[in-house]
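In case you want the letters, here they are:
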Amino acid sequence: MSPATGAATLAPRRSSRFVAWVRAWRAGLVPYDEVADEVAGDEEHLVADAPGTWTDVPLADALPTLSKLSPDDIRLVLPAPGDPRGLPGPGAFAGAALLAGEAVIAGNMGLIPEVRLHTSGSGMTFETVLWRVYPLPEAAPVASLAHHPGPAEAEADLATALAEATAALTRLDVAHWRPELAGALAALRRPDGGTDLPPGFDPRARRLFARASVLDQVLALAEHVAPGGAVNTYEVQQRDAALRPLTVACRRALVAACNAPLTN
């Protein structure tokens, strides 16, 4: 498998899957019994500090704490340094969300995934995902809705940013020193099916989610400098400057797709 292909097959952010599937459940579009498995996939997901619990519990056991929320009470936020949009304000949750780069707002609770690495007695390593719950001010869900583009605007912004970044990276000859990044960006320009969201999301949200999820992984590749010192500091700065608007557009697209209105 080529690096570009590999990037396209990695899973999307855990918070985006959590929000999409839990919102669909609360809209009555998917059964409760399926939600935890769809969110976790092949991973083990636990929840810490959920209301009414005194220890870490499986995700399925914590989901009933969200059973009184409407779909619009559950929102994805993807903050970054200098762009805390969607966060309820300073505090433990905001600080942890900025550090993680992703979070879920669910009513008066915030949830952030932490990946934990374990080593078994035989030396095998494995991961678990711990969703840590934070109490939020009552106004937090309303604040999280502000200043976010809808799916149509986010799709247009993402297409523009992708075209501009591709042109800039072509001028920088990125294919010479980072061929997998150039190849993955080119692949993103092809049509896609957008089938990775649960029932209830319209075709635009599905298409936007599919493209932004893959692009999110491509941009993660771009954070790594090519081996052997093939890229100097100036080239890294030029590459980062070309990708910065695309990174912002990608995050906003994921948020717009996962928080999009649901239909029956």
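Undergrad: It is not clear to me how the sheet that holds strand β1 (residues 44–48) should be interpreted in this structure. Could you clarify?
TA: The pairing of strands in a sheet happens through backbone hydrogen bonds and is either parallel or antiparallel. Ordered in space as β2-β1-β6-β5-β4-β3, the 6 strands form an open sheet in which the pairing is mixed. At either end of the open sheet lies a strand with only one pairing partner, and these are β2 (57–58) and β3 (74–77). As paired strands, strand β4 (residues 103–106) and strand β5 (residues 109–119) are joined by 3 bridges and run antiparallel to one another. If you follow Val-104 over to β5, its bridge partner there is Leu-111.

Undergrad: Just checking my understanding: could you explain the nonpolar core for this structure?
TA: Inside soluble globular proteins, nonpolar side chains tend to come together where they are buried. Counting 57 residues, the largest nonpolar core has Phe-18, Leu-66, Leu-158 and Leu-246 as the members making the most contacts within it. Examining the composition of this core, we find that 11 residues originate from one element, helix α11 (residues 233–258), more than from any other. Setting aside anything within four residues of it in sequence, one finds Leu-158 in contact with Leu-208, Arg-211, Ala-212, Leu-215, Leu-246, Ala-249, Cys-250 and Ala-253. Of all hydrophobic cores here, the second largest spans 11 residues; its members include Phe-93, Ala-96, Tyr-134 and Leu-136.

Undergrad: Explain the confidence of the model for the chain here, please?
TA: Close reading of the predicted structure is inappropriate where its pLDDT is low. Residues of the chain with pLDDT of at least 70 account for 77%, and the chain-wide mean is 82. Taken together, the stretch residues 1–11 has pLDDT below 50 and engages in 13 contacts with residues farther than four places along the chain or on a different chain. Confidence over residues 225–230 falls short of pLDDT 50; this stretch has 9 contacts with residues more than four positions distant or in other chains.

Undergrad: Where do I start with the pairing of β4 in this structure?
TA: Every regular strand shows the same layout, with side chains that alternate between the two sheet faces. Side-chain alternation along β4 places Ala-103 and Ile-105 on one buried face and Val-104 and Ala-106 on a second face that is also buried. If you look at the hairpin formed by β4 and β5, you'll find 2 residues sitting between the two strands, and Gly-107 has a positive phi there, around 65°.

Undergrad: How should helix α2 (residues 14–26) be read in this particular structure?
TA: For the α-helix, the turn length of 3.6 residues means that residues three or four positions removed from each other point alike. Over its 13 residues, α2 runs 18 Å from end to end, which matches the ideal 18 Å to within 8%, given 1.5 Å per residue. With 11 of 13 residues buried, α2 is to be regarded as a mostly interior element. If you check which residues of α2 are buried, you get Ser-15, Ser-16, Arg-17, Phe-18, Val-19, Ala-20, Trp-21, Val-22, Arg-23, Ala-24 and Trp-25.

Undergrad: I would appreciate a short explanation of the packing of aromatic side chains in the present structure.
TA: The way to describe two aromatic rings as a pair is by their centre distance and the angle between their planes. Counting across every chain of the model gives 3 aromatic pairs. With centroids separated by 4.6 Å and ring planes inclined at 45°, the aromatic side chains of Phe-18 and Trp-131 adopt a geometry described as tilted. Taken together, the positions of Phe-18 in helix α2 and Trp-131 in strand β6 (residues 125–135) put the pair 113 residues apart, joining distant regions of the chain. The exposure classification of Phe-18 matches that of Trp-131, with both residues buried. One cation-aromatic arrangement involves Arg-26 over Trp-25; the distance from NZ or CZ to the ring centre is 4.8 Å.

Procedures and definitions
Residues numbered from 1 in each chain as written. Predicted model: local features only at pLDDT ≥ 70, side-chain atom pairs only at ≥ 80, totals over all residues. Heavy atoms only, no water. Pairing = 2+ DSSP bridges. Helix = DSSP H or I, 4+ residues; strand = E, 2+ residues; numbered from the N terminus. Core = buried A, V, L, I, M, F, W, Y, C linked by side-chain atoms within 4.5 Å. Buried < 20%, exposed > 50% of the residue type's maximum accessible area, 1.4 Å probe, protein only. Contact = heavy atoms within 4.5 Å. pLDDT = per-residue confidence, 0-100. Expected span 1.5 Å × (residues − 1). Phe/Tyr/Trp six-rings, centres within 6.5 Å; stacked < 30°, edge-to-face > 60°. Lys NZ or Arg CZ within 6 Å of the ring centre and 35° of its normal.

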